[in-house]
Amino acid sequence: MPLQIIRNDITKIECDAIVNAANETLLGGGGVDGAIHRGAGKELLEECKTLGGCKTGKAKITRGYKLPCKYVIHTVGPVWRGGSYDERKQLESCYKNSLALAKENNCESVAFPIISSGVYGYPMDEAMKVAVDTIGSFLLNIHDDMLVYIVVYNKTAVSIGNKLFTDITEYIDDNYVAEHTDVYCYRMSMPYPGIASDKDIDSDDIIDSYDIPISDSIDDWVNNVIDESFSEMLLRKIDEQGMKDSECYKKANIDRKLFSKIRSNPQYKPSKTTAIAFAIALELSLDETKDMLMKAGYALSHSNKFDIIIEYFISKGNYNIFEINEALFAFDQSLLGAL
Ligand code: APR
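Because the structure is predicted, anything quoted here is derived from the model rather than measured. (Residues numbered from 1 in each chain as written. Predicted model: local features only at pLDDT ≥ 70, side-chain atom pairs only at ≥ 80, totals over all residues. Heavy atoms only, no water.)

### Remarks on the nonpolar core
Formed by 81 residues in total, the largest nonpolar core has its most connected members in L234, F278 and L336. The dominant element in this core, judged by the number of residues it contributes, is helix α4 (residues 124–141), at nine residues. In terms of nonpolar packing, the next biggest core, distinct from the first, is built from 19 residues, A22, L44, C69 and V76 among them. (Core = buried A, V, L, I, M, F, W, Y, C linked by side-chain atoms within 4.5 Å. Buried < 20%, exposed > 50% of the residue type's maximum accessible area, 1.4 Å probe, protein only. Helix = DSSP H or I, 4+ residues; strand = E, 2+ residues; numbered from the N terminus.)

Structure (structure tokens):
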């Protein structure tokens with residue numbers, strides 16, 4: 001999963017580079033700056049003294065010393081002054097310049113705090129959005145196998161904006177059912193990744209949303225429902241949409257290695273979050289998404305918050321996987337893509 005949102009203390013993250021939300025002197029401070037200097041030890045400050053400071057929006061790199069990372073990339077976020085002093089642009093440059101520096105130093109993994117969202121007062125939901133959007137477009141457009149973490153220190157602080165949060169909460173309330181009331185798929189005992197329910201029900205209970213002709217043999221049923229595998233449908237859809245493979249797996253927040261596994265094995269059984277991630281990348285309708293999921297042995301269910309949030313974004317036509325993951329993170333759900 002090229003972009004992950006995780007809850008942790010950034011000084012604990014073992015990766016090639018962690019990013020510090022510093023100030024222009026680069027001589028340390030509070031917040032994440034203070035934590036990083038404490039974790040790295042005094043040699044970090046000694047090296048910072050040789051850098052001659054750093055302008056807002058720019059980035060400079062030092063060694064990580066006692067931290068479990070090779071480098072620390074110091075960047076200086078804007079102080080929030082209401083939003084009409086180019087704060088967004090300056091904050092975007094922090095991420096862009098830090099990522100460029102990481103790439104220059106052949107970093108394969110980078111961890112960011114949510115820059116400017118603490119002492120510098122940038123509204124958390126907006127600061128998070130800038131981070132997700134800027135890192136997301138770097139991963140989509142710069143052909144990179146870089147793994148990027150957005151490290152959230154105190155979960156409660158993260159918000160995705162009241163309007164979106166309220167919208168999704170209402171959608172969940174309108175659609176959530178405590179128990180499964182929708183029909184189940186049949187358990188199919190076959191080598192193919194079966195669509196399983198934990199109960200046996202008679203044929204009238206087959207999922208009507210697929211209008212499957214009720215046949216007298218399970219084989220006919222299988223042939224009707226699963227005429228192609230998940231992997232075959234994925235590749236067919238990529239071709240039909242004239243997408244490049246790399247465009248599809250980057251939009252799905254899936255790394256290249258996993259995609260090649262799926263591409264080379266027609267019977268590959270992906271995880272549910274991976275299957276949905278590709279449906280989002282292909283911008284499938286809700287019915288096509290259910291069809292693709294079924295080929296991997298899954299179904300969307302209204303007794304599952306994660307599924308309802310996915311349904312919310314598809315129904316709104318929002319296929320930005322990084323925004324969807326931000327919302328899933330805010331609702332304490334697993335993220336889309338593959339770990
Ligand atoms: N790990 C991850 N994130 C952290 C950690 C940590 N150990 N400590 C704090 N954070 C989070 C905060 O919760 C906040 O969401 O980092 C985000 C950025 O907060 P600050 O560290 O206050 O940075 P910023 O808002 O950019 O202000 C920079 O603060 O510390 C001083 O010297 C620094 O003057 C500079 C200013």
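So that's the structure; there's more coming.
### As for the pairing of strand β6 (residues 147–152)
Buried residues dominate β6, accounting for five of its six residues. The pairing of strand β5 (residues 109–112) with β6 spans four bridges and is classified as parallel. Each bridged residue has a counterpart across the sheet, and for F112 the counterpart in β6 is I150. (Pairing = 2+ DSSP bridges.)

### A word on the pattern of salt bridges
What the rule picks out here adds up to 16 salt bridges. Residues K129 and D133 are paired through a salt bridge, measuring 3.1 Å at the closest nitrogen-oxygen approach. You can see K129 and its partner D133 sitting in helix α4, four residues apart, about one turn around the helix. For K129, a relative accessible area of 27% gives the class partly exposed. Since its relative accessible area comes to 21%, D133 is described here as partly exposed. Salt bridges here are not isolated pairs; linked through shared partners, they connect R88, E92, K129, D133 and E323. (Salt bridge = Lys/Arg side-chain N within 4 Å of Asp/Glu carboxyl O.)

### Brief notes about the site of the ligand
In the vicinity of the ligand there are 22 residues, among which G30, V32, D33, S117 and G118 approach most closely. In this structure, S117 approaches the ligand through a side-chain N or O atom, which is 2.8 Å from an oxygen atom. Y120 places a polar main-chain atom, nitrogen or oxygen, 3.1 Å from an oxygen atom of the ligand. Of the pockets mapped on this structure, the ligand occupies the largest pocket. Among the elements of the structure, β2 (15–22) and α1 (31–40) are those that each provide at least two residues to the shell around the ligand. With four residues, the single largest contributor to the shell around the ligand is α1. The residue makeup of the shell around the ligand, split by class, is eleven nonpolar, nine polar and two charged. (Near = heavy atom within 4 Å. Polar contact = N/O pair within 3.5 Å; in protein donor to acceptor, adjacent residues only side chain to side chain. 1 Å grid on protein atoms, 1.4 Å probe; cavity = no way out; pocket = protein on both sides within 12 Å on 5 of 7 lines; lining within 4 Å. Sits in = over half its atoms within 2 Å of the grid points. Nonpolar A, V, L, I, M, F, W, Y, C, P; charged D, E, K, R; others polar.)

### Here we look at the environment of R88
Mapped onto the secondary structure, R88 falls in helix α3 (residues 87–104). The class of R88 is partly exposed, set by a relative accessible area of 33%. Between the C-alpha atom of R88 and that of P78, which follows or precedes it by ten residues, the distance is 8.2 Å. Contacts of R88, omitting those with residues within four sequence positions, involve Y122, E126, V130 and D133. (Contact = heavy atoms within 4.5 Å.)

### Structural notes on the packing of α3 against α4
Between α3 and α4, the shortest axis-to-axis distance is 10 Å and the interhelical angle comes to 40°. Considering the angle they form, α3 stands oblique to α4. Every pair of crossing elements has a handedness; the one defined by α3 and α4 is right-handed. Contacts from R88, L91, E92, Y95, K96, L99 and K103 of α3 reach α4 at E126, A127, V130, A131, D133, T134, I135 and F138. Partitioning the contact of α3 with α4 into residue classes produces eight nonpolar, one polar and six charged. (Axes fitted to C-alpha atoms, helices over the stretch in contact; angles between N-to-C directions. Parallel < 35°, antiparallel > 145°, perpendicular 65-115°, else oblique. Left-handed = near helix turned anticlockwise from the far one by under 90°.)

### Thoughts on the confidence of the model for the protein
Confidence in the prediction of the protein, expressed as mean pLDDT, is 86, and 83% of residues score 70 or more. Scored below 50 in pLDDT, residues 181–215 makes 69 contacts in the model with residues more than four places away or belonging to other chains. (pLDDT = per-residue confidence, 0-100.)

### Remarks on α3
The end-to-end C-alpha distance of α3 is 26 Å, a good match for the 26 Å that 18 residues give at a rise of 1.5 Å each. For α3, the set of buried residues is E87, L91, E92, C94, Y95, S98, L99, L101 and A102. Looking at the buried positions of α3, the neighbouring elements they touch are β2, β3 (59–63), β4 (69–76), β5, α4 and β6. A positive backbone phi angle near 55° is found at N106, which sits one or two residues after α3. (Expected span 1.5 Å × (residues − 1).)

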